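Given next are the chains, with one letter for each unit.
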Amino acid sequence: MAKTFKKPEALSDQHTHYCPGCTHGVIHRLVAEVIDELGVRGRTVGIAPVGCAVLAYNYFTFDFQEAAHGRAPAMATGIKRVRPDLVVFTYQGDGDLASIGMGEIIHSANRGEKFTTIFVNNTVYGMTGGQMAPTTLPGQKTTTSPAGRDVEDVGMPIKIAELISALETPAYIVRQAVIKPKYIVRAKKAIKKAFQYQLDGRCFSLVELVSTCPTNWGKTPVEAIKWTEENMLSYYKLGEYKTPEQFEED
Amino acid sequence: MGKILMKGNEAIGEAAIRAGCLNYFAYPITPQSEVAEYLSRRMPEVGGVFLQGESEIAVGYMLFGAAGCGARVFTTSSSPGISLMGEALSYISSAQCPAVFVNIVRGGPGLGGILPSQADYFQATKGGGHGDYRLLVMAPDGVQEAVEMVMMAFPLAEKYRNPVMILGDGLIGQMMEPVEFPDHLKSEPSNKDDWATNGMDTRKSNERNLVKSLFLNAELLEEHNRVLKAKYDRMKKEEVRYEPYNIDTDYQVLIVSYGIISRVCRTAIDNLKAEGFEVAMIRPKTLFPFPEKAIEEAASKDSCKVVVSIELSMGQMVEDVERSVHGKRPVQWFGRSGGDIPTPEEIIDVIKSFVTL
Ligand SMILES: Cc1ncc(C[n+]2csc(CCOP(=O)(O)OP(=O)(O)O)c2C)c(N)n1
Ligand code: SF4
Ligand SMILES: [Mg+2]
């Protein structure tokens with residue numbers, strides 16, 4: 001019997017170290033499928049962040065570099081500038097990208113570096129045990145905001161897709177979610193479009209993915225999905241925030 | 001090609017191009033910004049990459065990315081900027097990527113000043129970033145040697161798959177001297193197919209490459225650190241470079257001095273010789289590896305009464321000099337650290353004060 005649901009070639013056979021119900025695994029698969037479909041595995045370089053996805057390279061079957069915390073966009077810039085023919089993407093969490101690495105991502109986007117960023121927004125620092133992130137929702141309890149995020153004290157959560165879209169440089173900026181099939185289908189389309197813009201040498205592209213961290217949220221995978229849909233999607237609105245075509249129409 | 005008059009910073013930029021390094025990332029800082037200004041014009045002429053990064057932190061990682069995918073790459077900065085690159089230096093060393101960093105040292109700590117200094121000796125030779133790593137550190141004494149060392153740095157970085165640092169100072173960067181450029185190096189970097197992330201399609205083997213520094217398993221991390229140590233030990237065997245001066249005399253004093261101030265020491269030695277007072281010098285050209293044996297041997301000469309470390313800092317290299325001399329002779333230190341370079345007369349007085357002790 002022919003297999004109808006195959007593992008993408010870009011994905012390795014290894015079991016992941018991710019917790020049950022964690023959406024990192026879903027995102028890995030989407031990225032791998034896109035790389036297969038575009039036929040670019042042999043010239044792709046991924047950049048792993050510091051965060052739960054630090055070992056992402058164990059699950060992919062192409063070249064990878066491992067960044068320091070937050071610096072993946074600078075590394076991607078270095079690679080893409082000296083080897084524009086390579087397909088380069090960073091894979092970053094919200095602590096990595098929206099906190100310690102804010103400078104690197106903003107300036108890479110603003111220079112219009114021709115790489116793709118997969119931005120995994122799970123509202124916490126997953127790897128270090130669920131501390132507050134720049135994306136933690138108002139009132140959300142974490143290990144460093146035990147009474148809930150107090151926005152009077154630490155400000156409102158940062159909306160990365162909106163923030164980067166405010167830059168004047170043309171780019172493809174989109175936010176999707178990975179919590180249910182209907183969202184996942186759209187997320188994959190967005191990832192593919194983002195890589196396609198890179199392949200066409202058009203612009204910087206960033207896909208923000210609203211994700212879950214059941215372990216640090218203290219929820220079951222099913223509860224986590226429900227919580228995400230009910231609480232995150234009203235603050236982190238899904239959709240395309242910016243396309244390079246927008247600039248051509250002006 | 002004959003000699004041309006060139007400012008140190010510009011000569012350093014040109015030397016990198018002649019070493020086949022066509023990729024440069026940097027962030028402006030006095031007293032080395034002329035390198036970036038020069039290369040912003042030159043790199044486009046030679047089809048190279050010039051990018052002004054948003055910070056030295058980012059620049060350090062641009063080098064990591066570029067070096068990781070197999071490109072010859074370098075940056076220049078000055079002390080506060082190099083502090084920010086310390087993190088990247090640690091990662092690049094662990095991931096075993098070749099890259100060249102030039103530090104045109106200025107006074108510190110903090111913002112310090114913009115005048116010449118050697119106060120980043122510890123930072124360059126003992127760390128700067130975290131973990132068990134070493135840089136191969138070379139220190140030129142003028143513009144000509146800066147050019148030669150920059151051109152040597154790339155093949156050395158590739159030989160060891162390790163960052164190489166050129167430790168200059170504000171004066172070498174700013175002064176104009178006649179220079180003669182060596183012939184162009186072969187522009188193709190060494191074969192990097194067995195480790196660089198240069199894209200699987202470009203390689204014969206189907207194995208993918210990883211550039212990384214995480215080893216969660218204690219045994220694997222220790223094994224990795226042993227591999228690194230073996231490289232540093234090999235550097236100690238193969239890469240020690242120094243210049244002896246007036247060493248064949250019955251000198252009473254041995255100076256150890258490097259970089260720009262060693263030239264003042266040389267004049268002081270010549271002047272003392274005219275008075276009939278012999279002083280010798282070992283000038284380290286590599287600071288790591290340090291010419292320990294040469295210093296120990298020179299210090300052990302019967303006529304030698306005292307060893308003096310003369311440096312533009314409040315006493316950093318002197319610790320390595322003491323380590324090298326093994327207590328066989330008293331070791332003294334003389335240094336200046338605000339940015340003023342001592343005159344030969346000042347050094348002569350200091351040397352005399354140490355022998356009459
Ligand atoms: C310079 C530095 N600071 C702090 C850390 C510790 N650290 C490791 S992962 C992490 C947070 C990761 O959170 P996020 O980026 O949201 O990724 P997630 O684990 O949630 O996927 C931190 C603070 C580090 N490794 N390096
Ligand atoms: S801690 Fe959270 S983000 Fe990390 S693997 Fe577990 S569920 Fe996923
Ligand atoms: Mg996170």
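The model shown is predicted, which means the values in this text are computed figures rather than measured ones.

Visitor: For this particular structure, what's the right way to read the overall build of chain A?
Guide: Counting its regular elements, chain A contains ten helices and nine strands. For 250 residues, the compact-globule estimate of 2.2 N^0.38 gives 18 Å, and the C-alpha radius of gyration of chain A, at 17 Å, lies within 12% of that figure. The proportion of buried residues among the 250 residues of chain A is 58%. Counted over contacts in chain A with a minimum sequence separation of 6, partners at least 24 positions apart contribute 69%. For chain A, the exposed surface amounts to about 9800 Å²; the carbon and sulfur share of it is 55%. Between the mean site of the 28 positive side-chain charges and the mean site of the 27 negative ones, chain A shows a separation of 4 Å.

Visitor: What exactly am I supposed to notice about the interface of chain A and chain B here?
Guide: How big an interface is tends to be stated in terms of accessible area lost as the parts join. Tallying the contact residues gives 33 residues for chain A and 34 residues for chain B. For the pair chain A and chain B, the two sides together bury roughly 2600 Å², of which 61% comes from carbon and sulfur. There are three salt bridges connecting chain A and chain B. Notably, a salt bridge pairs A:Arg111 with B:Glu54, separated by 2.8 Å at the nearest N-O pair. Counting across the chain A and chain B interface gives 19 residue pairs in polar contact (both at pLDDT 80 or more).

Visitor: Sorry if this is basic, but what is going on with the site of ligand 2 here?
Guide: All names here are of chain A. The environment of ligand 2 is made up of Tyr18, Cys19, Cys22, His24, Cys52, Asn122, Gly126, Cys213, Pro214, Thr215 and Asn216. A per-element tally of the shell around ligand 2 places helix H8 (residues 214–217) first, with three residues. Looking at the shell around ligand 2, its residues break down into six nonpolar, five polar and no charged.

Visitor: Mind showing me how you'd approach the site of ligand 1 here?
Guide: Close to ligand 1 lie 17 residues; A:Cys52, A:Asp94, A:Gly95, A:Asp96 and A:Gly126 are nearest. Nearby residues around ligand 1 are contributed by chains A and B. Here an oxygen atom of ligand 1 sits 2.8 Å away from a polar atom, N or O, in the main chain of A:Cys52. Measuring from an oxygen atom of ligand 1, one finds a side-chain N or O atom of A:Asn122 at 3.1 Å. At the level of elements, helix H3 (94–100) and strand E5 (124–125) of chain A are the ones that each hand at least two residues to the shell around ligand 1. Ranked by residue count, the leading element in the shell around ligand 1 is H3(A), at four residues.

Visitor: It is not clear to me how the sheet that holds strand E9 (residues 210–211) of chain B should be interpreted in this structure. Could you clarify?
Guide: Each strand in a sheet pairs with its neighbour through backbone hydrogen bonds, running either in the same direction (parallel) or in the opposite one (antiparallel). Strand order across the open sheet formed by eight strands is E9(A)-E7(A)-E8(A)-E4(A)-E3(A)-E1(A)-E2(A)-E9(B), with mixed pairing between neighbours. At either margin of the open sheet sits one strand with a lone partner, and together these are strand E9 (239–242) of chain A together with E9 of chain B. Two elements, strand E4 (residues 116–121) of chain A and strand E8 (residues 204–210) of chain A, share six bridges in a ladder whose sense is parallel. Within the sheet, the bridge partner assigned to A:Ile118 lies in E8(A) and is A:Val207.

Visitor: Explain the domain arrangement of chain B here, please?
Guide: Residue and element names in this part refer to chain B. The domain architecture assigned to chain B consists of domain 1 (4–238) and domain 2 (242–354). Spacing between the C-alpha centres of domain 1 and domain 2 amounts to 28 Å. The partner domain 2 presents 27 residues to the 30 residues of domain 1 that form the contact. Buried surface at the junction of domain 1 and domain 2, summed over both partners, amounts to about 2300 Å²; 56% is from carbon and sulfur atoms. Considering only the side of domain 1, the residues that lose the most area to domain 2 are Gln118, Tyr121 and Asp141, jointly responsible for 32% of the buried surface there. In this assembly, domain 1 and domain 2 are joined by six salt bridges. Of the charged contacts, one joins Lys285 and Glu145 as a salt bridge, the two residues approaching to 3.7 Å between their closest N and O atoms. Connecting domain 1 to domain 2 are 13 residue pairs in polar contact (both at pLDDT 80 or more). Contributing elements (two or more residues each) for the side of domain 1 that touches domain 2: helix H5 (121–126), strand E6 (136–138), helix H6 (143–160), strand E7 (163–169), helix H7 (170–174) and helix H8 (218–238). Among the elements that take part in the side of domain 1 that touches domain 2, H5 stands out by supplying four residues, more than any other. For the side of domain 1 that touches domain 2, a count of residues per class yields 18 nonpolar, four polar and eight charged.

Visitor: What is the right way to look at the state of the cysteines in this model?
Guide: Think of a disulfide as a covalent bridge from one cysteine sulfur atom to another cysteine sulfur atom. Under the criterion given, the structure shown has zero disulfides over all chains. Of all cysteine sulfurs in the structure, the one in B:Cys69 sits closest to B:Cys97, which takes part in no disulfide; the separation is 9.3 Å.

Visitor: I'm lost on the pattern of salt bridges in this one. Help?
Guide: Where side chains of opposite charge bring their charged atoms close, a pairing between them can arise. Evaluation of the coordinates by the stated rule reveals 46 salt bridges over all chains. Linking A:Glu9 and A:Arg41 is a salt bridge whose minimum nitrogen-to-oxygen distance equals 3.1 Å. Taken together, the residues span a long stretch of sequence, with A:Glu9 in the segment before helix H1 (24–38) and A:Arg41 in the loop between H1 and strand E1 (44–48) at a distance of 32 residues. The exposure class of A:Glu9 is exposed, given its relative accessible area of 52%. One connected set of salt bridges, linked through shared partners, spans B:Asp141, B:Glu145, B:Glu243, B:Arg266, B:Arg283 and B:Lys285.

Visitor: Explain the coordination of the magnesium ion (ligand 3) to me, please; I cannot follow it from the model alone.
Guide: Each donor-metal-donor angle would ideally measure 109.5 degrees in four-coordinate tetrahedral geometry, or 90 or 180 degrees in six-coordinate octahedral geometry. Residues and elements named next belong to chain A. Within the protein, Asp94 (OD), Asn122 (OD1) and Val124 (O) serve as the donor atoms for the magnesium ion (ligand 3), at 2.1 to 2.2 Å. Taken in chain order, the donor set of the magnesium ion (ligand 3) reads D-x27-N-x1-V. Taken together, the positions of Asp94 in helix H3 and Asn122 in the loop between E4 and E5 put the pair 28 residues apart, joining distant regions of the chain. Per residue, the accessibility class of Asp94 equals that of Asn122, and both read buried.

Visitor: Sorry, what's going on with unusual backbone geometry here?
Guide: Note: most peptide bonds trans; most residues except glycine with negative phi. The omega torsion of the bond from B:Gly108 to B:Pro109 falls at 0 degrees, within 30 degrees of zero and hence cis. Mapped onto the elements, B:Pro109 comes out in the loop between strand E5 (99–105) and H5. Residue B:Phe288 is joined to B:Pro289 through a cis peptide bond whose omega torsion reads 0 degrees. Tracing the backbone through its elements, the reader meets B:Pro289 in the loop between strand E13 (286–288) and helix H10 (292–300). For A:Thr123, which is not a glycine, the phi torsion comes out positive at approximately 65 degrees. Mapped onto the fold, A:Thr123 is located in the loop between E4 and E5. Positioned with a positive phi, B:Asn246 is a non-glycine residue whose angle comes to about 55 degrees. Mapped onto the elements of the fold, B:Asn246 is located in the loop between strand E10 (242–245) and strand E11 (253–256). Judged by its relative accessible area of 17%, B:Asn246 falls in the buried class.

What counts and how
Residues numbered from 1 in each chain as written. Chains lettered and ligands numbered in written order. Predicted model: local features only at pLDDT ≥ 70, side-chain atom pairs only at ≥ 80, totals over all residues. Heavy atoms only, no water. Helix = DSSP H or I, 4+ residues; strand = E, 2+ residues; numbered from the N terminus. Rg over C-alpha atoms; globule rule 2.2 N^0.38 Å. Buried < 20%, exposed > 50% of the residue type's maximum accessible area, 1.4 Å probe, protein only. Contact = heavy atoms within 4.5 Å. Areas by Shrake-Rupley, 256 points an atom, 1.4 Å probe, with all protein chains shown as cover. Lys, Arg positive; Asp, Glu negative; His and termini not counted. Charge placed at Lys NZ, Arg CZ, Asp CG, Glu CD. Buried area = accessible area lost by both parts, 1.4 Å probe. Salt bridge = Lys/Arg side-chain N within 4 Å of Asp/Glu carboxyl O. Polar contact = N/O pair within 3.5 Å; in protein donor to acceptor, adjacent residues only side chain to side chain. Near = heavy atom within 4 Å. Nonpolar A, V, L, I, M, F, W, Y, C, P; charged D, E, K, R; others polar. Pairing = 2+ DSSP bridges. Domains from an automatic or database assignment. Disulfide = S-S within 2.5 Å. Donors = N, O, S within 2.8 Å, 3.2 Å for Na, K, Ca; no water.

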